[in-house]
Amino acid sequence: MPDKKQLSDSDDAPVGPEPSAAQEIAARQARASDVEATIFDGVRDREGGVVQPVRLKASDRFSFRCHKGVSCWNVCCHGADVTLTPGDILALSRHFALRPAAFVARYAVPAIHAGSGLPVAKLLMTGKDGAGPCVFMDDEVGCTVYASRPVTCRYYPLGLGALKMKGHDQREDMYFLVKETHCKGHEEAKEQSVEAFRQEQGVAPYDLINRRWIDILMKMASWRSLGGPMGKDVSTQTKKMFYMASTDVDAFRRFVFESSFLATYQIDDDRVAAIRADDETLLQLGFDWLGNVMFNDPTIAMKQDVLQRAIGAAREELGGA
Ligand code: SF4
Ligand code: SF4
């Protein structure tokens, strides 16, 4: 994007681990192979030309400069495919002095993230079939939310992907340079590394907030590429909770404080106090919890008595002692 001026219903009870259980996860992990997934692409070739993404590392250099003198000024802010990360939703909500749910209702549309199949919010594009200008674009001013623009816009013409290698716990970020035929910024002489461009675009604070959310998208993409745990998808309820935690921290806060969540999970008093008031801390709790529910990640633990009761109930169901 130009460098100008630069589903939410929840049950009362927390959702427990997916029916996957440990054997299913182990079976899936045993089959795991290298997986890569696109997190943000924002790629839209409006002229029907060939888009050729080039994969880059943080130290790789590329030529690009966007400024008001380019003949394509603002073209990329029409019909753009901009996934809103949780960090974007918090920043843009604050920009408009709205709570996240009100911001999303006014300026976003629900969509399915291509790699993971999880529900996400995308930035509203105006016009028929969303082919018109971004809802925040002004012909004279350009991007009217520049200081709070989404990370996809900050990264453009880079896309962000993630790669997970077999046997590695951590994902690795990767970047791809997209040369769309309409974008004349690639013809400019300015050369920079991917890392320098990221710094210039101020993506670091967003990376911190979005890290666990991206992990979930990546893991889900990995599961899907393998047919899901034992061929199953995560439940609709879990997908709704993912969307709620990603787009509406107030609803997620009500869920935490008004359901049996705090009686179920071990969360220390300081963290409980923090999530009452701090949206970023609450987001991290949400993604820790979802990582546990969806993938059995050891990111949040049940209280011992709850765990013992669950084990007892499972034994009874299996006819054990
Ligand atoms: S928020 Fe909209 S107007 Fe601003 S850079 Fe992104 S697509 Fe363009
Ligand atoms: S198409 Fe490329 S050069 Fe033109 S305004 Fe958009 S990012 Fe800048």
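Thresholds, definitions, all that
Residues numbered from 1 in each chain as written. Chains lettered and ligands numbered in written order. Predicted model: local features only at pLDDT ≥ 70, side-chain atom pairs only at ≥ 80, totals over all residues. Helix = DSSP H or I, 4+ residues; strand = E, 2+ residues; numbered from the N terminus. Buried ≥ 20, exposed ≤ 12 C-beta atoms within 10 Å, placed from the backbone. Contact = placed C-beta atoms within 7 Å. Core = buried A, V, L, I, M, F, W, Y, C linked by C-beta atoms within 7 Å. Near = placed C-beta within 6 Å. Nonpolar A, V, L, I, M, F, W, Y, C, P; charged D, E, K, R; others polar. Arc of directions from axis to C-beta. Pairing = 2+ DSSP bridges. pLDDT = per-residue confidence, 0-100. Axes fitted to C-alpha atoms, helices over the stretch in contact; angles between N-to-C directions. Parallel < 35°, antiparallel > 145°, perpendicular 65-115°, else oblique. Left-handed = near helix turned anticlockwise from the far one by under 90°.

## Looking at the overall build of the protein chain
Item 1. Along the backbone of the protein chain there are 12 helices and 11 strands.
Item 2. Expressed as a percentage of its 321 residues, the buried residues of the protein chain come to 34%.

## Some remarks on the environment of C134
Item 1. Within the fold, C134 resides in the loop between β6 (119-123) and β7 (137-138).
Item 2. C-beta crowding within 10 Å serves as the criterion here: with 26 such atoms nearby, C134 is assigned to the buried category.
Item 3. Residues C134 and L123 lie 11 residues apart in sequence; the distance between their C-alpha atoms is 7.6 Å.
Item 4. When near neighbours in sequence (up to four residues on either side) are disregarded, C134 contacts C77, A80, L123 and M125.

## Thoughts on the nonpolar core
One broad trend across soluble globular proteins is that nonpolar side chains are buried collectively.
Item 1. Counting 62 residues, the largest nonpolar core has L217, A245 and L290 as the members making the most contacts within it.
Item 2. Per element, the largest residue contribution to this core is 10 residues, and it comes from helix α6 (residues 204-225).

## Quick look at the site of ligand 2
Item 1. Around ligand 2 sit 14 residues in total, of which C66, C72, C76, C183 and G185 are the nearest.
Item 2. For the shell around ligand 2, the class distribution of residues is 10 nonpolar, three polar and one charged.

## Observations concerning the site of ligand 1
Item 1. In the vicinity of ligand 1, the contacting residues are M1, C77, A80, V82, C134, F136, M137, C143, V145, R149, P150 and C153.
Item 2. Taken together, the residues that form the shell around ligand 1 break down as 11 nonpolar, no polar and one charged.

## Brief notes about helix α3 (residues 100-107)
Item 1. Taken together, the buried positions of α3 are P100, F103, V104 and Y107. In an axial view of α3, the angular spread of the buried residues amounts to 95°, which keeps them on one side of the axis.
Item 2. The inward-facing, buried residues of α3 contact α2 (86-95), β5 (108-112), β6, α7 (236-247) and α8 (249-258).

## Observations regarding unusual backbone geometry
Item 1. The residue after Y156, namely P157, is reached through a cis peptide bond having omega 10°.
Item 2. Secondary-structure assignment places P157 in the loop between α4 (151-155) and β9 (158-164).
Item 3. Phi is positive for N296, close to 65°, though the residue is something other than glycine.
Item 4. For N296, a count of 17 C-beta atoms within 10 Å translates into the label partly exposed.

## Details of the sheet that holds strand β4 (residues 83-84)
Item 1. The three strands lie next to each other as β4-β6-β5, forming an open sheet whose pairing is antiparallel. Edge positions in the open sheet fall to β4 and β5, since each of these has one partner strand only.

## Re the confidence of the model for the protein chain
Item 1. Averaged over every residue, the pLDDT of the protein chain is 83; residues scoring 70 or more account for 79%.
Item 2. Contacts from residues 4-16, a stretch scored under 50 in pLDDT, to residues over four places away or in other chains number 37 contacts.
Item 3. Contacts from residues 19-33, a stretch scored under 50 in pLDDT, to residues over four places away or in other chains number 17 contacts.

## Some remarks on the packing of α8 against helix α11 (residues 279-295)
In a packed pair of helices, the relevant descriptors are the angle between the two axes and the axis-to-axis distance.
Item 1. At a minimum axis separation of 10 Å, α8 and α11 run at an interaxial angle of 65°. What the angle tells us is that α8 and α11 run roughly perpendicular. Along this stretch, α8 crosses α11, giving a crossing that reads as left-handed. Counting all contacts with α8, which are made through V249, F252 and R253, the residues of α11 involved are D279, L282, L283 and G286.
Item 2. Partitioned by chemical class, the residues of the contact of α8 with α11 number four nonpolar, one polar and two charged.

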